[in-house]
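Below, each chain spelled out in residue letters.
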Amino acid sequence: VQLQASGGGLVRAWGSLRLSCAASGRTFSSYAMGWFRQGPGKEREFVAAISRSGKSSTYADSVKGRFTISRDNAKNTVYLQMNSLKPEDTAVYYCAADLLAVVIRTTPAEFDSWGRGTLVTVSS
């Protein structure tokens, strides 16, 4: 599966952005999706993940209550709504597909396909 993330940009603290990730192929609804991020000088970290149906999701503690992951299986797209953004949210954001997921997983190594990333910069 090929993934293309978009929607990044420059935003002020407390602002909002919505990231999108479009997937190729006709089996989008058969795999879980996740968002990860990698800040300057940091390792890639988990942000949010959503089940195949979209009925279940999980979040990193650092974004819980501010970010919302969702998916539209008819459009082969997963979204990340980011509200109340903080400078520490600055990072390249990646979407990823977990092709074998039975339950939602959060470790980067468990995800099989990755998009190229979109840069989010939050100014103070």
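Quantities reported herein were computed from a predicted structural model and do not represent experimental measurements.

**A few points about the overall build of the protein**
Turning to step 1, where the next piece is worked out: Scanning the protein from terminus to terminus reveals zero helices and 11 strands.
Turning to step 2, where the next piece is worked out: Counting from the amino terminus, the protein carries its helices and strands in the arrangement β-β-β-β-β-β-β-β-β-β-β.
Turning to step 3, where the next piece is worked out: The C-alpha atoms of the protein give 13 Å as radius of gyration, which agrees with the globular expectation for 124 residues (14 Å, within 12%).
Turning to step 4, where the next piece is worked out: If you line up the protein on its principal axes, its C-alpha atoms span 40 × 25 × 25 Å.
Turning to step 5, where the next piece is worked out: Put simply, the protein has 124 residues, and 43% of those count as buried.
Turning to step 6, where the next piece is worked out: The contacts of the protein with a sequence gap of at least 6 include a subset with a gap of at least 24, amounting to 57%.
Turning to step 7, where the next piece is worked out: With an accessible surface of roughly 6500 Å², the protein has 47% of that area assigned to carbon and sulfur atoms.
Turning to step 8, where the next piece is worked out: One finds the centroid of the 15 positive side-chain charges in the protein at a distance of 7 Å from the centroid of its 9 negative side-chain charges.

**Side note on the sheet that holds strand β3 (residues 17-23)**
Turning to step 1, where the next piece is worked out: A sheet is described by the order of its strands in space; here four strands give the open sequence β1-β3-β8-β7, paired in antiparallel fashion. Here the strands that pair on one side only, and so sit at the sheet edges, are β1 (3-6) and β7 (67-72). Here the average twist between neighbouring strands, direction ignored, is 15 degrees.
Turning to step 2, where the next piece is worked out: Two elements, β3 and strand β8 (residues 77-82), share six bridges in a ladder whose sense is antiparallel.

**Quick look at the pattern of salt bridges**
Turning to step 1, where the next piece is worked out: Inspection of every chain in the model, using the stated rule, returns five salt bridges.
Turning to step 2, where the next piece is worked out: Between R37 and E45 there is a salt bridge, and its shortest N-O distance comes to 2.6 Å.
Turning to step 3, where the next piece is worked out: In this structure, D61 and K64 form a salt bridge, with 3.1 Å as the shortest nitrogen-oxygen distance. Summarising the burial analysis for this pair, D61 and K64 share the class exposed.
Turning to step 4, where the next piece is worked out: Linked through salt bridges whose partners overlap, the residues forming this network are R37, E45, R66 and D89.

Each value, and the rule that gives it
Residues numbered from 1 in each chain as written. Predicted model: local features only at pLDDT ≥ 70, side-chain atom pairs only at ≥ 80, totals over all residues. Heavy atoms only, no water. Helix = DSSP H or I, 4+ residues; strand = E, 2+ residues; numbered from the N terminus. Rg over C-alpha atoms; globule rule 2.2 N^0.38 Å. Buried < 20%, exposed > 50% of the residue type's maximum accessible area, 1.4 Å probe, protein only. Contact = heavy atoms within 4.5 Å. Areas by Shrake-Rupley, 256 points an atom, 1.4 Å probe, with all protein chains shown as cover. Lys, Arg positive; Asp, Glu negative; His and termini not counted. Charge placed at Lys NZ, Arg CZ, Asp CG, Glu CD. Pairing = 2+ DSSP bridges. Axes fitted to C-alpha atoms, helices over the stretch in contact; angles between N-to-C directions. Salt bridge = Lys/Arg side-chain N within 4 Å of Asp/Glu carboxyl O.

Function-wise, these values are silent; they only describe arrangement.
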